[in-house]
Amino acid sequence: MNTQGAETVVRATHGRPWMAGVRSSLTWVIAVVLTAVVTWWAASVTFARPTEETEMVEPQTVTVADATVDRSLSVGVTVAREVATIATNLLSGVVTQASSEYPVSEGEVVYTVGNVPVVAVQGSAPFYRELTVGNSGADVATLQAALQRLGYLAGAPDGRFGEATAGALRALQRDLGAPVTGAAGLGQFLAVPTLPSAITVGADIFQGALLSGGEDAVRGSTGDPEFRVTLSPDRFQQIPAEASFRVFFNEDQWDAVVSGSTVDENQNIILELSAPDGGEVCGDRCGDLPSGELTTLRGEAVIAAPQSGPAIAAAAIRSSSEGSPYVVLSSGERVDVVVRASQGGVAVVDGLAIGDVVVLPEGADPADGSSEGSSGESVE
C-alpha cells in the first residue's frame, strides 16, 4: 500500500480546511437543484393540462323519403294591368292620415281629412252626392250592399235609404271613429270596382297636404291582369309545347298553362298564361297583386313530367371515377343509384328504399342542391 500518497491527500486536506466546506456547499447546492428539477418535472407530469383529444365529428346523414320531383326552368313572369284613376277626392281640409299604397279590403280607411275617414266600398256606381234618409238610386244600393257584407245591415239592398240604412251607417261610423251622423257625406265613401285590391293614393294626397277637392283620390287596376312570359328564341327551344308553369307570389303558388303566344319586334316569343281551367292565373288573389301597370314575379316552366319515389338531398349523391352516381349508407355500404329527376336540391333515385340512412360527403350541405361529384341535376 502506498501510504505516502494517502498521507499527501490527508495533508492537502488538512492544509486547506476551507476546501472541505466548499465541496460540502457545492454538494448541497447540486442536491437542491436536482431536487427542484425532479419536483418540477413530477408536477408538470402530474398536474399539466391533458392534451385535448381531436374531436370526432359525426358525419351528417339524410333519410330517404317518398317525394315527387320534376325538372323546371326559372322564368320571369310579367303581370300587366291597366291602371287609371278610380275615384276623386271630394273633401276639403288637411290630410291627417294617408299611405302610398294599400292592399285595401272593404270597409277600410284609405285616407283621413281632418277627422273624417274616407272608406273604400266595392261597387261600380260612384258616390256623387250626400246620401241620407229619403234618397234612392244605384249609389244607395252600393252603400247598402257594403253595409250588408260588413255585417251592419240585414236584408237585401233595395236602393232606398231608410231608417235601417241610417242605423247601420251610424254603427259603422262609431266603429271607425268618424262623426256619427247616420248620413253618408259627400266624399266619405269611395267606390272601388274590386275589393280587396291594391290601390295607390293620388300624388296630391299625403299627410299634411291641404285639399280643396277634385284631386285624384286613388288609382287602381281597371282590367283583368295579364300574365306573360317573354323568351328568347334559344330559351324558347328549351321548353316543350306541353310544358306547364308555376307562378310564385309571396307565399302563394299558382299553376298556369299557355293560352296563346305572339312574337315581338326582337323576335322574342311572348307566351300568354292562364289558369288550367282558363280563368285568371291569380284566381281569387288578384286583388293582392301590386297596383302598378307592370309587375314581375318569379316563375318556373315545368319541362319534364314529375317523377315520384325514394328521394334524398342531391348533395348526398357522389360520383365514382367513372362518373357513376352512388351513395354511402350509414352502415358503410356503397350503393349505386340512378337519378330519375332532381330539382331544388332533392333527387328521386332508383336503388334505395324509403327509410335508408345515407351519409353526406364531408363538407356537403343537405340544403344545397350540389356537392362535389354530385350527379344531381338542378336546372336554373
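This write-up is about the structure you can find in this document. What you are looking at is a predicted structure, and each value in this text was computed from that prediction instead of being measured. (Residues numbered from 1 in each chain as written. Predicted model: local features only at pLDDT ≥ 70, side-chain atom pairs only at ≥ 80, totals over all residues. Heavy atoms only, no water.)

Let's talk about the overall build of the protein
Selection criterion: Note on conventions: DSSP H or I runs of at least 4 residues are helices, E runs of at least 2 residues are strands, and numbering of each starts at the N terminus. Remark: exposure states derive from per-residue accessible area (1.4 Å probe, protein chains only) relative to the maximum for the residue type, with buried under 20%, exposed over 50%, and partly exposed in between. Residues are treated as being in contact if the distance between any of their heavy atoms lies within 4.5 Å. Here the Shrake-Rupley method, with its probe set to 1.4 Å, supplies the accessible areas, and only the displayed protein chains count as covering residues.
When helices and strands are tallied, the protein shows five helices and 24 strands. Each of the 380 residues in the protein was classed as buried or not, and the buried ones make up 39%. Considering only contacts within the protein whose residues lie at least 6 apart along the sequence, 67% involve residues at least 24 apart. Total accessible area on the protein is roughly 21,300 Å²; 52% of this is exposed by carbon and sulfur atoms.

Quick notes on the sheet that holds strand 22 (residues 338–343)
So the rule is basically this: Strands were regarded as paired on the criterion that DSSP finds at least two bridges between them. Geometry is summarised by axes, namely lines fitted to C-alpha atoms with helices restricted to the contacting stretch, and by angles between N-to-C directions that run from 0 to 180 degrees.
Strand order in the open sheet formed by four strands is 2-18-23-22, and the pairing between neighbours is antiparallel. Looking at the sheet topology across the chains shown, the edges are occupied by strand 2 (65–69) and strand 22. Along the sheet, successive strands turn relative to each other by an average axial angle of 50°, direction set aside. Relative to strand 23 (residues 346–350), strand 18 (residues 307–313) runs antiparallel, the two being bridged by three bridges. Paired with Ile312 across the strands is Ala347, a residue of strand 23.

Quick notes on the sheet that holds strand 3 (residues 72–80)
Judged by pairing direction, the barrel is antiparallel, and its six strands sit side by side in the order 3-13-16-15-14-17 before closing back on the first. In this sheet, neighbouring strand axes are inclined to one another by 40° on average, regardless of whether the strands run parallel or antiparallel.

Re the pairing of strand 23
Summarising the sheet, strand 22 and strand 23 pair through five bridges and their orientation is antiparallel. Bridged to Val339 within strand 23 is Val349. Where strand 22 folds back on strand 23, the antiparallel hairpin that results is connected by two residues, among which Gly344 adopts a positive phi of roughly 65°.

Side note on the nonpolar core
If you look at soluble globular proteins, the nonpolar side chains tend to sit buried side by side. This is how the line gets drawn: We call a set of buried residues a nonpolar core when its members are Ala, Val, Leu, Ile, Met, Phe, Trp, Tyr or Cys and they connect through side-chain atoms within 4.5 Å of each other.
With 24 residues, the main nonpolar core has Phe227, Phe245, Trp254 and Leu273 as its most contacted residues. Secondary-structure elements contributing two or more residues to this core are strand 3, strand 13 (226–231), strand 14 (244–249), strand 15 (252–263), strand 16 (269–274) and strand 17 (294–302). Here this core takes four residues from strand 3, the largest share from any one element. What Leu273 contacts, discounting residues up to four positions off in sequence, is Val77, Phe227, Val229, Phe245, Val247, Ala256, Val257, Val258, Ser259 and Val281.

Quick notes on the state of the cysteines
Applicable threshold: Two cysteine sulfurs form a disulfide in these notes if their separation is within 2.5 Å.
Scanning the model with the defined rule gives one disulfide in all. The disulfide bridge from Cys282 ends at Cys286, spanning 1.8 Å between sulfur atoms. Given an S-S torsion of about 85°, the disulfide between Cys282 and Cys286 has right-handed geometry. Since its relative accessible area comes to 11%, Cys286 is described here as buried.

Re the packing of aromatic side chains
Heads up, the rule is: Only rings of Phe, Tyr and Trp enter the pairing, Trp through its six-membered ring, and a pair is recorded when the two centres are within 6.5 Å. The plane angle decides the type: under 30 degrees is stacked, over 60 is edge-to-face, the rest tilted. For a ring to carry a charge above it, either NZ of a lysine or CZ of an arginine must fall within 6 Å of the ring centroid while also lying within 35 degrees of the normal to the ring plane.
Evaluation of the coordinates by the stated rule reveals three aromatic pairs. Each ring, one from Phe227 and one from Trp254, has its centre 6.2 Å from the other, and the planes form 85°; the classification is edge-to-face. Residue Phe227 is located in strand 13, and its partner Trp254 is located in strand 15; the two are separated by 27 residues in the primary sequence. Here Phe227 matches Trp254 in class, with each residue buried. Taken together through their ring pairs, the aromatic side chains of Phe227, Phe249 and Trp254 make up a single cluster. In this arrangement the basic side chain of Arg334 is found over the ring face of Tyr326, its NZ or CZ atom lying 3.9 Å from the centre.

Comments concerning unusual backbone geometry
The omega torsion across Leu195 and Pro196 is 0°, close enough to zero to call that bond cis. Residue position: Pro196 is located in the loop between strand 9 (189–192) and strand 10 (197–201). With phi around 50°, Asn250 is a residue other than glycine that occupies positive phi space. By the element assignment, Asn250 lies in the loop between strand 14 and strand 15.

Let's talk about the pairing of strand 13
Alternating residues of strand 13 divide into Phe227, Val229 and Leu231, all buried, and Glu226, Arg228 and Thr230, none buried. Pairing geometry for strand 3 and strand 13, over four bridges, is antiparallel. What sits directly across from Ala80, in strand 13, is Glu226. Relative to strand 16, strand 13 runs antiparallel, the two sharing five bridges. The partner of Arg228 across the bridge, within strand 16, is Glu272.

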